[in-house]
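# Overview (structure and organization)
Chain by chain, the residues run as shown.
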Amino acid sequence: MIDQVLLDILACPVCKGEVKQEENQVMCCQCGRKYLIKEGIPVMLVEEEEK
Ligand SMILES: [Zn+2]
């Protein structure tokens, strides 16, 4: 769904950790925060996180 190159560039805005795609979200491998993907573009905003 998301370009792997894009995923490689992206980093968690909170801990700068690597992120991976998980269904319709992007998840940080380090802190576990999840970010929504809207229209194929990950929304890397802390405000958009669930919980
Ligand atoms: Zn993180």
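Notes on the structure follow.

Definitions and cut-offs
- Residues numbered from 1 in each chain as written.
- Predicted model: local features only at pLDDT ≥ 70, side-chain atom pairs only at ≥ 80, totals over all residues.
- Heavy atoms only, no water.
- Donors = N, O, S within 2.8 Å, 3.2 Å for Na, K, Ca; no water.
- Tetrahedral: all angles 85-135°; square planar, octahedral: opposite > 155°, others 65-115°.
- Buried < 20%, exposed > 50% of the residue type's maximum accessible area, 1.4 Å probe, protein only.
- Helix = DSSP H or I, 4+ residues; strand = E, 2+ residues; numbered from the N terminus.
- Salt bridge = Lys/Arg side-chain N within 4 Å of Asp/Glu carboxyl O.

In this section: the coordination of the zinc ion. Only C12 (SG), C15 (SG), C28 (SG) and C31 (SG) from the protein coordinate the zinc ion, and they sit 2.3 Å from it. Given four donor atoms and angles of 98 to 118° at the metal, the environment of the zinc ion is assigned as tetrahedral. We classify C12 as buried; its relative accessible area is 0%. Residue class for C31 comes out partly exposed when judged on its relative accessible area of 35%.

To continue, consider the environment of I9. Topologically, I9 is positioned in helix α1 (residues 4–9). Taking the C-alpha atoms as reference, I9 lies 9.1 Å from V19; in sequence the two are 10 residues apart.

Throughout the structure, instances matching the rule amount to one salt bridge. With a shortest N-O distance of 3.7 Å, K34 and E22 are connected by a salt bridge. With a gap of 12 residues between them, K34 in strand β3 (residues 34–38) and E22 in strand β1 (residues 19–22) connect regions that are remote in the sequence. Among the residues examined, E22 registers a relative accessible area of 29% and is labelled partly exposed.

Shape is all these values report; function is a separate question.
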